[in-house]
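Structural overview
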Amino acid sequence: MPKACEIHGPFVAVVAEKPKAAARIAAALGQPAYCRINGVPLYTVLVNGQRLVIVSSAGHLFGPSTSVSGLPVTELRWEPLWRFQGKSRHLRAYYEVLAKVLPSATSYVSACDYDIEGSTICYKIIEAFGDVRRSRRAKFSSLTAGELSSAFRNLLPLDVNNAMAGIARAELDWLWGINFSRLLMRSYVRAVGRRISLSAGRVQTPTLAEAVRRWIRRNSHVPTPAVSVSIELEKDGLTFKARPDGWAPRNREEAVIISREVKAAGYLEVRSYSSRGEEVPPPPPFNLTDLQGEAARIYRISPYRAQEVAEDLYMAALISYPRTESQRLPRDLDYRGVLSALARQKEYAGLVSDLLRDTRGVLRPVEGRKVDPAHPAIYPTGEAPRKPLDRPHRVIYDLVVRRFMAAFAPSALVSRSSAVLEDLSGRAWRSAGLRVVRAGWTQYYPFAAMDEERLPAMAEGDRVSVRSATVRVSWSGAPVRLSRMALVEWMEANDLGTKGTRARIVETLLKRGFLEAHGGSLEVTELGYAVYKTLSSMVPELVSADLTRDFERRLDMIVEGRLTRDQVVSEAKSYVEDLVNKYLSMIDQIGLDLATRAKHLRPKRACPICGRPADGELCELHEAARRQVEGAIKAICDTMGISPTDALNVLSTKRSAGRWVREVAGYLLQRPGLK
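Along each chain, numbering runs from 1 in the same order as the chain's sequence is written. Owing to the predicted nature of the model, reporting of local features is limited to residues with pLDDT of at least 70; listing and counting of side-chain atom pairs is limited to 80 or more, with chain, interface and lining totals taken over all residues. Each side-chain value is worked out from all heavy atoms of the structure, with water and hydrogens disregarded.

1. Brief notes about the overall build of the protein chain
Operational definition: Starting at the N terminus, helices and strands are each numbered in turn, a helix being any DSSP run of H or I of at least four residues and a strand any DSSP run of E of at least two. Throughout, a residue-residue contact means that at least one pair of heavy atoms, one from each residue, lies within 4.5 Å. Accessibility throughout is a Shrake-Rupley quantity obtained with a 1.4 Å probe, and a residue counts as covered only by protein chains that appear here. In this tally Asp and Glu are treated as negative and Lys and Arg as positive; neither His nor the chain ends contributes. Every charge is mapped onto a representative atom, which is NZ of Lys, CZ of Arg, CG of Asp or CD of Glu.
A count of helical and extended segments in the protein chain gives 22 helices and 17 strands. With respect to the principal axes defined by its C-alpha atoms, the protein chain has extents near 100 × 75 × 45 Å. If you take every contact in the protein chain between residues at least 6 apart in sequence, the share linking residues at least 24 apart comes to 73%. Accessible surface computed for the protein chain: about 30,300 Å², of which carbon and sulfur atoms make up 47%. Between the averaged position of the 98 positive side-chain charges in the protein chain and that of its 75 negative side-chain charges there is a distance of 4 Å.

2. Re the packing of helix 9 (residues 303–315) against helix 14 (residues 502–511)
Under the convention used in this document: Note on method: axes are straight lines fitted to C-alpha atoms, helices fitted across the in-contact stretch only, with angles between N-to-C directions ranging 0 to 180 degrees. These descriptions rest on fixed angle ranges, namely under 35 degrees for roughly parallel, over 145 for roughly antiparallel, 65 to 115 for roughly perpendicular, and the rest for oblique. A crossing counts as left-handed when the near helix is turned anticlockwise from the far one by less than a right angle, and as right-handed when that turn is clockwise. Residue polarity follows a fixed list, in which Ala, Val, Leu, Ile, Met, Phe, Trp, Tyr, Cys and Pro are nonpolar, Asp, Glu, Lys and Arg are charged, and the others, Gly among them, are polar.
Two elements in contact, helix 9 and helix 14, have axes whose closest approach is 8 Å; the angle formed by their N-to-C orientations is 135°. The angle between helix 9 and helix 14 falls in the class oblique. As helix 9 packs across helix 14, the resulting crossing turns out to be left-handed. In this structure, helix 9 contributes Pro303, Tyr304 and Gln307 to the contact, and helix 14 contributes Ala503, Arg504 and Glu507. Each residue belonging to the contact of helix 9 with helix 14 can be placed in one class, and the counts come to 3 nonpolar, 1 polar and 2 charged.

3. Brief notes about the sheet that holds strand 13 (residues 412–422)
Cut-off, in case you're wondering: Two strands qualify as a pair provided that DSSP identifies no fewer than 2 bridges between them.
Here 6 strands make up a closed barrel; going around it, the order is 10-11-14-13-12-15 and the pairing antiparallel. Taken pair by pair, the neighbouring strands of this sheet meet at an average axis angle of 35°, ignoring direction. In terms of strand pairing, strand 12 (residues 267–280) meets strand 13 through 11 bridges, oriented antiparallel. Within the sheet, the bridge partner assigned to Glu269 lies in strand 13 and is Glu422. With respect to the sheet, helix 7 (residues 252–265) is in contact with strand 10 (225–235), strand 12, strand 14 (428–438) and strand 15 (463–475), its orientation differing from that of strand 15 by roughly 165°.

4. Brief notes about the pairing of strand 17 (residues 521–524)
Remember that side chains alternate between the two faces of the sheet whenever the strand is regular. Where strand 16 (residues 515–518) meets strand 17, 4 bridges bridge the pair, whose relative direction is antiparallel. When the bridges of strand 17 are listed, Ala517 appears paired with Leu522. Counting the residues in the hairpin turn of strand 16 and strand 17 gives 2 residues, including Gly519, whose phi is positive at 65°.

5. Things to note about the state of the cysteines
For clarity, the threshold we go by: By convention in this document, the label disulfide applies to cysteine sulfur atom pairs within 2.5 Å.
In the structure shown here, the tally under the stated rule is 1 disulfide. Covalent S-S linkage joins Cys112 and Cys122, the inter-sulfur distance amounting to 2.3 Å. Its S-S torsion of approximately 75° makes the covalent link between Cys112 and Cys122 right-handed. A residue pair is termed long-range when its members are at least 10 positions apart, and Cys112 in the loop between strand 7 (107–111) and helix 3 (116–129) and Cys122 in helix 3 qualify at 10 residues.

The analysis is restricted to geometry; functional conclusions fall outside its scope.
Following this line, the structure appears as structure tokens:
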């Protein structure tokens, strides 16, 4: 150890998760002495006469590994990641510093992020180099000096249950991943004679299965036409629209006739008119998923990137800990103090002044339903950026600040009006209007502002002039979304993964080549479909969300102290071992099925459209699309007044039609007659 870093006398070792966090902790606790060992920072600070030595990791330092080369694999040991992961070589320096410093400490403080992942990181480090029995926990939700000082004045017992749940999660993920990834790769080698990188996982594979289900629904979607008539009306200088109320034209021909009748009459008569005020309450403060959703909707920032940026802002002490499910702010947070600090940033000064006026200084935030025992909703700390933020960091920070302010603001007030009118044939038409009376919270969070559509005041019996009548044919869009955010939301709704890992799992599917990004949407690749189809037919247990969800609940029970890590992991080992042994006897069939579906082996019979394996004339995907097309043709013809050939021509080029539907329509057009 360099002389400048020598530690004399007894000391308490404080373990931080990352170097930036270590620097923040050291600065918050006093006037630290600073040095580096092989580039790794180390801080020494005196607090009430007690010497604290603050050292850090750089994320996970240890992970499960094995020396077993066969299948099934249930023997594992925790080892330094740098010993068996090439991408983790940089961790060796942190490992060596921790190995030198921690054994001499009198006691230890876990100061990693307060969640399952952070608790695991610190626990494994202290377990390896120190003594977990002489350890305590610093709990904080932001890296501000005030909160860090408070956390170290009020140290908690070491959160062993959190750590045990995190260790169990890592071991379960490892058991699933290594066994079924090896099973896939070995089966492929036996079938093709060469290696390919394939993977399966406890959360990854059910998520891939959901992506495939959405991909199939989207690509086999047959759009249906809906004919509508809208009328543009005018009264008192205001123009507005009216649409059928309780009825619809049966087809395009009828719609054209009705539009001509209404235009010829020149007016509609008001049957009734009403207007009412409505309050629109503000949204709750952000949790991680809400923040990711808004970043994707407004700025097209991927969930994983939004999470990375939010974590950077947390490390810079600009926002609170982002990996939270809570939609509730902490009761003891100094709301006025945060707002006063934000007011010192010129872009928020006016908004803070308006908010204090609108609330008359009474700051009661709206709360959402979701809570998190570890951390509150995401909030700005009030600290100003020390240097200009780049665009992603600036817009994510701005979202957090504005959503925080909106939570205190009054409800927006709108006036909703509605009129029912009648034409000369007695058909009812409805007009709806919206006027913003008070902007309320939308002044602070304008990304949810409401579009106004003015409707003039009317009385029963008034005649309203018809300016025009328009016939429109709209085609239904795909019934589901397939995007990064859609998969993250699906995982959350099904209790798969954690708030910190969901976006990462989607990125893993992309890196593995199972999914591809096209703009804001995703596509399943041939390899991704092959892996899904092979596993769903050969190892259906692995694609089931139920199994993964069941183990997630067991992990929660470890946190609650109702189960032990050994109980959960032992059960998982037995389950995985039985499952792998069951399917090892099918390894040759699994490999042939996988390689053929991935188009790496020629199928006995190929689909003439795509080349995938075909049991009949077409592959199962195009065959299903053909059934959908043939079932929808008559309704399309009746609505549009066109022939089956014309309907196929429309479907073959309609952008809202699924890709396989367009391809099947083109295929059928090349054949005589409609089968």
